[in-house]
Amino acid sequence: MSATKVGYLYLSLAMVTVGSTVVASKVIAGGLPPFTATALRFAIALPVFLLLMRLQRAPWPRLARADWALLVLQGLAGSAGYTTLLLSGLRMTSAADAGVIVGTLPVVSALVATLVLRERPDRALWLAIGLATAGVIAVAVPSAPEAEDGEGGAVFQQVMGNALVLGAVACESLFILLNKRLRQAPSPLVLSTLMSAIGLLAAAGPAIYEGAWQGALPHQALWAVLYYALIPTVGGYLLWYAGAARTSGAEAALFTALAPIAAVALAATLLGEPVGIAQLGGIGCVAMAVIWLATRSRRP
């Protein structure tokens, strides 16, 4: 097997682990408060990243104060903010719907970067935004029959849950934008270690306030946290950068379209959630948006 095909395999596995975080988060949300689960995730992942740094002899960066401030903001948004909002949203919505919304991350990140950096978006970006928006609307707004059959409170709860998941995507987009603002960006391994440390510090205080530690913690949720911390957080990092090292940036970007597909498929398979026309249509729009956005980087 060629190095490029091996890279494709690594990228595919990485995106499957990303999609699985939605399913794991659904299990976690059913048994643990959001800040407690977030603190546990980073408390498990941080020692592993520190060990990897030691094995690779990766030095700690010497950065300016402005860069350290940006790193703190990155950790608050991309680590603590993303995880807590995702977990909070999954208490009120399905993993299948959340998987479609989380899949819009590349498009939302491109839109946020365009708005903040005041760049003029091209037609490809507008088309990707339109497709991603259609995909989100397909799952975020309950259809008329569902709204009639269900209670008004349940419909409102679903809409709020989807809104929180979209807020998690916005936090992750802010993380990506802030990373572009760094004058001297740390290596990916060092950055992952720092984000885990900042996420742990940010979530520890609210986690103590939640008081989940005082009672018995559900084993299923704890196993899901352990999986989230080791497989997608650490394993996904290793798989993604191993694959990215063997492929081009445009090729790697294409594989991000697999994340929402994996999330919906795993939600149906592992959680038994129904996948209807809305989810299939939404995931199709989001996948096409991500692929279209990725392929535009190949054009002159």
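Source: prediction; values computed, not measured.

1. Details of unusual backbone geometry
- With a phi close to 55°, Arg57 is a non-glycine residue in the positive phi region.
- Residue Arg57 is classed as exposed on the basis of its relative accessible area, which comes to 76%.

2. Comments concerning the nonpolar core
- Formed by 43 residues in total, the largest nonpolar core has its most connected members in Val22, Ile28, Leu32, Leu86, Leu90, Val102 and Val107.
- If you tally residues by element for this core, the top one is helix H6 (residues 123-140), at 7 residues.
- Apart from the residues lying within four places of it in its own chain, the contact partners of Leu86 are Ser25, Val102, Val165, Ala168 and Tyr228.
- Leu52, Leu71, Val190 and Val234 belong to the second-largest nonpolar core, a separate cluster that totals 20 residues.

3. What about the packing of aromatic side chains?
- Counted by the stated rule, this structure contains 3 aromatic pairs.
- Each ring, one from Phe49 and one from Tyr237, has its centre 5.8 Å from the other, and the planes form 80°; the classification is edge-to-face. Note that Phe49 is positioned in helix H2 (residues 34-56) and Tyr237 in helix H10 (residues 219-244), a separation of 188 residues in sequence.
- You can call Phe49 buried: its relative accessible area is 1%.
- Grouped by ring-pair contacts, the aromatic residues Phe49, Tyr237 and Tyr241 constitute a single cluster.

4. Quick look at the environment of Gln157
- Relative to the elements of secondary structure, Gln157 occurs in helix H8 (residues 152-181).
- Of the residues examined, Gln157 reaches a relative accessible area of 38% and is grouped as partly exposed.
- A C-alpha to C-alpha distance of 40 Å links Gln157 and Leu50, two positions 107 residues apart in sequence.
- Non-local contacts of Gln157, meaning those with residues more than four positions away in its chain, are made with Arg91 and Met92.

5. Regarding a nonpolar patch on the surface
- Together, Met1, Leu9 and Leu13 make up a nonpolar patch on the protein surface, roughly 330 Å² of accessible area in all.
- With respect to the helices and strands, the residue Met1 is situated in the segment before helix H1 (3-29).
- With relative accessibility at 76%, the residue Met1 sits in the exposed group.

6. Here we look at H10
- Over its 26 residues, H10 runs 35 Å from end to end, which matches the ideal 38 Å to within 8%, given 1.5 Å per residue.
- In the structure, H10 departs most strongly from a straight axis at Gly236, where the bend amounts to approximately 35°.
- When H10 is considered as a whole, its buried residues turn out to be Ala221, Ala224, Val225, Tyr228, Ala229, Pro232, Thr233, Val234, Gly236, Tyr237, Trp240 and Gly243.

7. Brief notes about the side chain of Thr233
- Here Thr233 shows up in helix H10.
- A distance of 3.1 Å separates polar atoms of two side chains, one belonging to Thr233 and the other to Arg41.
- For Thr233, the side chain forms a polar contact with the main-chain oxygen of Tyr228, separated by 2.7 Å.

8. Focus on the packing of helix H5 (residues 105-117) against helix H13 (residues 277-295)
- Packing of H5 against H13 leaves a shortest axis separation of 8 Å and a crossing angle of 55°. In this view, H5 runs oblique relative to H13, as classed from their interaxial angle. Across the interface between the two elements, Pro106, Val107 and Ala110 from H5 touch Ala289, Val290 and Leu293 from H13.
- Looking at side-chain class alone, the contact of H5 with H13 contains 6 nonpolar, no polar and no charged residues.

9. So, the packing of helix H12 (residues 258-270) against H13
- For the pair H12 and H13, interaxial distance at closest approach is 8 Å and the crossing angle is 160°. Classified by the angle between their axes, H12 and H13 sit roughly antiparallel to one another. Judged by the twist between their axes, the crossing of H12 over H13 is left-handed. Taken together, the residues of H13 that come into contact with H12 (itself represented by Pro260, Ile261 and Val264) are Ile283, Val286 and Ala287.
- When the residues that make up the contact of H12 with H13 are grouped by side-chain class, the tally is 6 nonpolar, no polar and no charged.

10. Quick look at helix H9 (residues 188-210)
- End to end, H9 covers 32 Å across 23 residues, agreeing with the expected 33 Å (1.5 Å per residue, within 8%).
- The largest bend in H9 amounts to roughly 35° and is located at Ala204, with the proline Pro206 lying one to four residues further along.
- All of the buried residues in H9 are Leu189, Val190, Leu191, Ser192, Thr193, Leu194, Met195, Ser196, Ile198, Gly199, Ala203 and Ala207.
- Residue Gly211 follows H9 closely and has a positive phi angle near 75°.

Parameters at a glance
Residues numbered from 1 in each chain as written. Predicted model: local features only at pLDDT ≥ 70, side-chain atom pairs only at ≥ 80, totals over all residues. Heavy atoms only, no water. Buried < 20%, exposed > 50% of the residue type's maximum accessible area, 1.4 Å probe, protein only. Core = buried A, V, L, I, M, F, W, Y, C linked by side-chain atoms within 4.5 Å. Helix = DSSP H or I, 4+ residues; strand = E, 2+ residues; numbered from the N terminus. Contact = heavy atoms within 4.5 Å. Phe/Tyr/Trp six-rings, centres within 6.5 Å; stacked < 30°, edge-to-face > 60°. Patch = residues over 30% accessible without salt bridge, like charges linked within 9 Å, V, L, I, M, F, W, Y side chains within 5 Å. Areas by Shrake-Rupley, 256 points an atom, 1.4 Å probe, with all protein chains shown as cover. Salt bridge = Lys/Arg side-chain N within 4 Å of Asp/Glu carboxyl O. Expected span 1.5 Å × (residues − 1). Bend = angle between axes of the 7 residues up to and from the residue. Polar contact = N/O pair within 3.5 Å; in protein donor to acceptor, adjacent residues only side chain to side chain. Axes fitted to C-alpha atoms, helices over the stretch in contact; angles between N-to-C directions. Parallel < 35°, antiparallel > 145°, perpendicular 65-115°, else oblique. Nonpolar A, V, L, I, M, F, W, Y, C, P; charged D, E, K, R; others polar. Left-handed = near helix turned anticlockwise from the far one by under 90°.

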